[in-house]
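# Secondary and tertiary structure notes
Listed here are the chains, written in short residue letters.
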Amino acid sequence: MTSSRAVAVYCASSMAVPEGFLQLAEDAGRAIAARGWRLVYGGGSVGMMGRCADGALSAGGEVVGVITEALVGMEVAHAGLTRLDVVATMHERKQRMTDASDAFLILPGGFGTLDETFEAITWKQLGVHAKPIVVLNHEGFFDHLLAFLAAAAEGRFIRPVHLGLITTVATLQDAMAELESPLAWEGTRDKWWFESAPPRP
Ligand code: AMP
C-alpha cells in the first residue's frame, strides 16, 4: 500500500514518561495507519517515538523514519520501518520530515519535540509551508506553554493572529477529526492568517 498522505508526528524520545503517554503515542500511530496515512517521524525505537511507530506498523501502516547518523545508536534506529532515511545533520532531518509530510501532529515531548514544533510554526509563519499543525494537549501537558504563548501575544511579542498557526485539541479523536478535515489537507485554511495579517508597523 502506498499512502497518499503523510503525517509527521513529533513527540518524546524518553522511555520514562508515564505509560498513558506512551499509550497515546501508540494509539496515534495506529489511528494514522488506520486512515491509510503514512507516518513520518524521527526514526528511533525509544520512548513515545518508538511506540508511535510500533502502533502504525501493527496496524499495517507505512512508516518513514528520518534520523541522523549520530543518533542511530543513541535513539536506537527502528529496525522494522518501511523506510529509514539516515541523514547528516539535524537541520537536514527536520527539512526531510517537513518535505515528506502534509501535516504535523505534535504530542507531548521534551526539548527536541519543542524545537521541531517551533520550527514547524516559524516556517509556517514565514510562509515556507502552509501545512496544518495540530497540537494534542493530552492531559493538559501543554497548558503552561499555551498560556505563555497567549501572554506573548497579549504583549504583542507574537502577533495575536499568529496564534492561529496551530490548532490545539484535547483528545486524539479530535486531532484525527482535525486532520481528516478536507480544508486542513488543502492547506487553504492555513493561509488565512498570512493574508489577513496586518502589515508590520
Ligand atoms: P525529545 O522531545 O527531547 O525527547 O526529542 C524528540 C526528538 O527530537 C528526538 O528524536 C530528538 O533527536 C529530536 N531533536 C532534538 N533536538 C533536535 C533538534 N535541534 N533538531 C531536530 N530534532 C531534534
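Residues numbered from 1 in each chain as written. Predicted model: local features only at pLDDT ≥ 70, side-chain atom pairs only at ≥ 80, totals over all residues. Heavy atoms only, no water.

## As for the environment of leucine 165
Defined as follows: By definition, any uninterrupted DSSP run of H or I lasting at least four residues is a helix, any uninterrupted run of E lasting at least two residues is a strand, and each is numbered from the N terminus. Each residue gets one of three labels from its accessible area relative to the maximum for its type: buried under 20%, exposed over 50%, partly exposed in between, using a 1.4 Å probe on protein chains only.
Along the chain, leucine 165 turns up in the loop between helix H6 (143-154) and strand S7 (167-169). Using a relative accessible area of 2% as the deciding quantity, one classes leucine 165 as buried.

## Section: the environment of glycine 61
By the secondary structure assignment, glycine 61 is in the loop between helix H2 (47-58) and strand S3 (63-68). Residue classification places glycine 61 among the buried positions, given a relative accessible area of 10%.

## Comments concerning the pairing of strand S6 (residues 133-136)
Worth spelling out the cut-off: Seen with its strands pointing away from the viewer, a crossover is right-handed if its path from the first strand over the helix to the second goes clockwise.
Side chains of S6 alternate between two faces, with Ile133 and Val135 and Val134 and Leu136 buried alike. Since strand S5 (residues 103-106) and S6 lie parallel, the crossover through helix H5 (residues 111-125) that links them has a hand, and here it is right-handed. Following the backbone out of S6, through H6 and into the adjacent parallel S7, one traces a crossover that is right-handed.

## Quick notes on the packing of helix H4 (residues 90-99) against H5
The geometry of a pair of packed helices is captured by two quantities: the angle between their axes and the separation between those axes. So the rule is basically this: What counts as an axis is a line fitted to C-alpha atoms, over the stretch in contact for a helix, and the angles between N-to-C directions run from 0 to 180 degrees. Throughout this description, any angle smaller than 35 degrees is read as roughly parallel, any larger than 145 degrees as roughly antiparallel, any in the 65 to 115 degree range as roughly perpendicular, and the remainder as oblique. Note on convention: near helix rotated counterclockwise from far helix by under a right angle means a left-handed crossing. Clockwise means right-handed. It only takes one pair of heavy atoms within 4.5 Å for two residues to be counted as in contact. Classification convention: Asp, Glu, Lys, Arg as charged; Ala, Val, Leu, Ile, Met, Phe, Trp, Tyr, Cys, Pro as nonpolar; all other residues, Gly among them, as polar.
Contact geometry of H4 with H5 gives a least axis separation of 11 Å together with a crossing angle of 60 degrees. When the interaxial angle is binned, H4 and H5 end up oblique. Crossing handedness for the pair H4 and H5: right-handed. Contacts between H4 and H5 involve Arg93, Lys94, Gln95, Met97 and Thr98 from the former and Asp115, Glu116, Glu119 and Trp123 from the latter. Residues of the contact of H4 with H5, tallied by class, amount to two nonpolar, two polar and five charged.

## Focus on the site of the ligand
The test is simple: One heavy atom within 4 Å of a molecule or strand is enough for the residue carrying it to be called near that molecule or strand. For this analysis, a polar contact is any N or O atom pair within 3.5 Å, provided that within protein one partner can donate a hydrogen and the other can accept it, and provided that sequence-adjacent residues contribute only side-chain to side-chain pairs. Only the protein chains shown count as cover for residues, and all accessible areas are computed by the Shrake-Rupley method using a 1.4 Å probe.
The ligand sits among 16 residues. The nearest are Ser13, Glu75, Gly110, Gly112 and Thr113. Residue lysine 94 places a side-chain N or O atom 3.4 Å away from a nitrogen atom belonging to the ligand. Starting from 490 Å² of accessible surface for the ligand in isolation, the protein chains cover 80%. For the shell around the ligand, the secondary-structure elements that each account for two or more residues are H4 and H5. When residues in the shell around the ligand are grouped by element, the largest group, five residues, is from H5. Grouping the amino acids of the shell around the ligand by side-chain chemistry returns six nonpolar, five polar and five charged.

## Description of the nonpolar core
Note the threshold: Buried Ala, Val, Leu, Ile, Met, Phe, Trp, Tyr and Cys residues form a nonpolar core when they are joined through side-chain atoms within 4.5 Å.
Val9, Leu105 and Leu107 are the most contacted members of the largest nonpolar core, which has 32 residues in total. Among the elements of the structure, strand S1 (6-10), helix H1 (19-34), strand S2 (38-41), H2, S5, S6 and helix H7 (172-180) are those that each provide at least two residues to this core. Take this core: its biggest share by element is eight residues, from H1. Setting aside anything within four residues of it in sequence, one finds valine 9 in contact with Ile32, Leu39, Val40, Tyr41, Cys52, Leu105 and Leu107. Core analysis: the next-biggest nonpolar cluster, separate from the first, contains 18 residues, Ile106, Ala120, Phe142 and Leu149 among them.

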